2 protein chains.
Amino acid sequence: MGGDHAPRALVRGVGEAVDSVAGLGPVTLVGDEAAIRRELALIGKADHPLLGIVHAPEVVGMDEPPSAAIRAKKRSSITVAMELVKQGQAAAVVSAGNTGATLMAATVKLRTLPGIERAAIATLLPHRRGRFVMLDSGANSEAKPEHLVHFAVMGDIYARHILGIAKPRVGLLSNGTEDEKGNELTKAAFGLLRQVPTLEFVGNVEGNCLFEGKVDVVVCDGFTGNVVLKTAEGLAKLLSRLLKEKLKKNPLRLMGGMLAYGALRELRQIGDYTEYGGAPFLGVNGVVFKCHGGSNAKAVRNAIRVAHEFVSRDINNQIVRSVQALHFAPATAG
Amino acid sequence: MGGDHAPRALVRGVGEAVDSVAGLGPVTLVGDEAAIRRELALIGKADHPLLGIVHAPEVVGMDEPPSAAIRAKKRSSITVAMELVKQGQAAAVVSAGNTGATLMAATVKLRTLPGIERAAIATLLPHRRGRFVMLDSGANSEAKPEHLVHFAVMGDIYARHILGIAKPRVGLLSNGTEDEKGNELTKAAFGLLRQVPTLEFVGNVEGNCLFEGKVDVVVCDGFTGNVVLKTAEGLAKLLSRLLKEKLKKNPLRLMGGMLAYGALRELRQIGDYTEYGGAPFLGVNGVVFKCHGGSNAKAVRNAIRVAHEFVSRDINNQIVRSVQALHFAPATAG
């Protein structure tokens with residue numbers, strides 16, 4: 001029931017998913033039963049054998065304070081959906097709702113994986129030749145050095161199995177590329193990350209390196225990740241708006257803009273999040289994908305496809321084993 | 001002698017400044033005397049009454065590690081220039097050289113202002129309708145809550161006197177706009193900032209708010225500020241490069257791009273740093289402006305103009321008095 005186009009975009013995305021995702025099991029739609037039934041009827045899937053409905057009478061609004069909402073609304077669609085995973089009646093949750101509430105419901109109901117203290121939001125961002133995954137993009141506003149190592153391990157597994165990158169290059173977001181750069185957190189994390197033999201750790205990366213395609217996985221605390229994500233969104237929006245204004249200044253420019261429309265459209269598409277559909281909360285003891293609030297049916301369908309892959313490849317089990325295998329030398333002075 | 005086009009761009013910028021900045025006093029060029037003389041002769045200013053030269057035989061390279069370079073090269077142009085300010089023979093330093101080395105030389109030679117523990121780099125960034133100042137953009141990778149308050153006070157004074165904003169709106173960079181958002185540092189700073197009656201403190205701002213023109217001053221620690229700055233630079237570069245590639249895909253688009261060239265050029269100009277020329281190191285006991293390494297004569301001229309204004313308006317004295325006037329209620333639990 002979450003997101004800007006619920007329940008329509010979600011129901012349609014589910015409809016597309018059962019038609020197109022090979023090997024997909026049953027999908028349970030959680031929310032207002034009557035509204036969901038209406039939407040299913042509209043797409044001719046009222047009696048689809050893979051589709052079920054679990055009624056949840058409450059909805060957490062997009063702007064509600066997460067912890068208060070999750071505490072107050074025990075029968076909200078997001079809480080009921082997490083409960084299905086907890087009870088083993090579902091393998092994954094896909095939500096386009098309030099990010100904080102989804103995260104809160106996930107960590108309260110499902111907790112974290114063994115060996116993992118903090119979950120992280122893993123977001124895909126564009127670079128010159130493809131995409132990189134940045135985590136934590138905002139689940140937690142503080143992190144310890146070992147959390148960043150866990151983020152690196154989780155991001156590496158995600159990049160291998162979901163993005164299909166054979167040997168993901170992992171970078172640590174810092175304020176300079178030299179080894180000695182960083183704040184207390186990143187300096188300590190740097191010392192740990194270089195000890196992980198399974199990672200292709202390339203060292204510190206700066207904000208401008210991100211978009212050059214030199215790394216596939218970037219780790220940072222959730223405060224910094226949120227700031228990077230929002231800064232990039234804000235700047236892209238500013239540039240797009242200013243370009244539109246400047247093209248409208250005279251008819252010649254406007255005609256130029258029309259002739260170059262394909263290029264501008266392709267440029268806008270590099271920020272397209274619908275291909276992978278959602279950002280996983282990595283480290284949660286369950287599979288949770290958060291779609292953008294503005295998601296359309298395509299984004300929802302693809303989030304379901306990726307969540308299905310995530311479950312099929314048993315990625316959480318791989319994360320647990322990789323984290324168990326971590327072993328660090330005792331810290332030495334200097 | 002620093003920067004990508006030294007000494008030519010610097011000498012020419014100085015030449016333009018003495019011709020155009022009203023009330024400007026003598027300008028001392030610090031560096032290789034023969035090279036500077038040659039450049040001055042080329043612009044017909046070999047015997048200009050306002051221009052002097054102080055020879056400095058060494059140069060800190062753009063990529064040299066700052067602290068080692070400052071320690072090893074006692075006669076580098078940047079160190080000698082700072083020494084002139086320290087001895088009262090100059091009122092300000094303008095440099096286009098190695099940022100870290102300039103900062104190191106400034107803090108070693110000049111120290112910070114009374115009441116200020118940490119200097120901050122104040123950078124101008126574009127928003128929808130103008131510019132905002134962000135500090136610290138990278139002087140220190142760690143900050144305490146009271147440092148952020150000092151940054152706010154310094155940024156406010158800078159925005160009033162240099163940007164001419166009567167009542168600058170000051171925001172605290174955070175991972176959400178709600179009052180309770182933030183990490184430990186920003187939460188503590190939030191509590192202090194709301195107690196400063198002279199500031200128009202608007203609360204937490206997110207990365208995407210920056211470019212909307214809702215704030216004139218944004219404070220953050222230097223690690224975060226560096227990441228924001230570099231992320232914005234990197235994304236702008238990526239988009240510009242991709243647009244060029246996409247326009248070249250076919251002749252129609254290319255013609256469109258040519259017709260819309262004015263719009264694209266104007267868009268590129270929003271990142272133009274030459275108008276104000278340089279970023280001040282606020283909080284240093286002296287006036288230090290750091291120009292972009294790629295600065296041309298115009299940027300240098302404008303940095304000198306702004307540095308002159310900074311001195312004329314006695315901004316450092318205003319900072320000292322404002323910081324002395326700060327008074328915080330004792331911290332309470334919760």
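Residues numbered from 1 in each chain as written. Chains lettered and ligands numbered in written order. Predicted model: local features only at pLDDT ≥ 70, side-chain atom pairs only at ≥ 80, totals over all residues. Heavy atoms only, no water.

(A) Representation of helix 5 (residues 99-110) of chain A in the model. Residues and elements named next belong to chain A. The end-to-end C-alpha distance of helix 5, which contains twelve residues, comes to 16 Å, matching closely the 16 Å that a straight helix rising 1.5 Å per residue would cover. For helix 5, the full list of buried residues reads Ala101, Thr102, Leu103, Ala105, Ala106 and Leu110. Buried positions along helix 5 lie against helix 3 (66-72), helix 4 (77-86), strand 3 (92-95), strand 10 (278-282) and strand 11 (287-291). At the N-terminal end of helix 5, a side-chain oxygen is found 3.1 Å from the backbone nitrogen of glycine 100, two or three residues along, and the residue is asparagine 98. After helix 5 finishes, the residue arginine 111 shows a positive phi value of roughly 60°. (Helix = DSSP H or I, 4+ residues; strand = E, 2+ residues; numbered from the N terminus. Expected span 1.5 Å × (residues − 1). Buried < 20%, exposed > 50% of the residue type's maximum accessible area, 1.4 Å probe, protein only. Contact = heavy atoms within 4.5 Å. Polar contact = N/O pair within 3.5 Å; in protein donor to acceptor, adjacent residues only side chain to side chain.)

(B) Representation of the sheet that holds strand 10 of chain A. Residue and element names in this part refer to chain A. Read across the open sheet, the four strands follow the order 3-11-10-4; overall the sheet is mixed. Unpaired on one side and paired on the other, strand 3 and strand 4 (120-121) mark the two borders of the sheet. Note: strand 3 against strand 11, four bridges, orientation parallel. Within strand 11, the residue paired with valine 93 across the bridge is valine 288. Relative to the sheet, helix 4 contacts strand 3 and strand 11, its axis offset from that of strand 3 by approximately 160°. In the packing of helix 6 (residues 145-161) onto the sheet, the strands contacted are strand 4, strand 10 and strand 11, and the crossing angle to strand 10 comes to about 135°. (Pairing = 2+ DSSP bridges. Axes fitted to C-alpha atoms, helices over the stretch in contact; angles between N-to-C directions.)

(C) Spotlight on the interface of chain B and chain A. Counting from both sides, the interface comprises 52 residues of chain B and, opposite them, 52 residues of chain A. Both sides together, the interface formed by chain B and chain A hides about 4,700 Å², and carbon and sulfur atoms give 69% of it. Counting across the chain B and chain A interface gives eight salt bridges. The salt bridge involving Glu266(B) is made with Arg253(A); its shortest N-O contact spans 2.7 Å. At 20 residues, the largest contribution of residues to the side of chain B that touches chain A is made by helix 8 (residues 222-247) of chain B. Considering only residue class, the side of chain B that touches chain A consists of 23 nonpolar, 16 polar and 13 charged. (Buried area = accessible area lost by both parts, 1.4 Å probe. Salt bridge = Lys/Arg side-chain N within 4 Å of Asp/Glu carboxyl O. Nonpolar A, V, L, I, M, F, W, Y, C, P; charged D, E, K, R; others polar.)

Distances and angles like these do not, on their own, reveal function.
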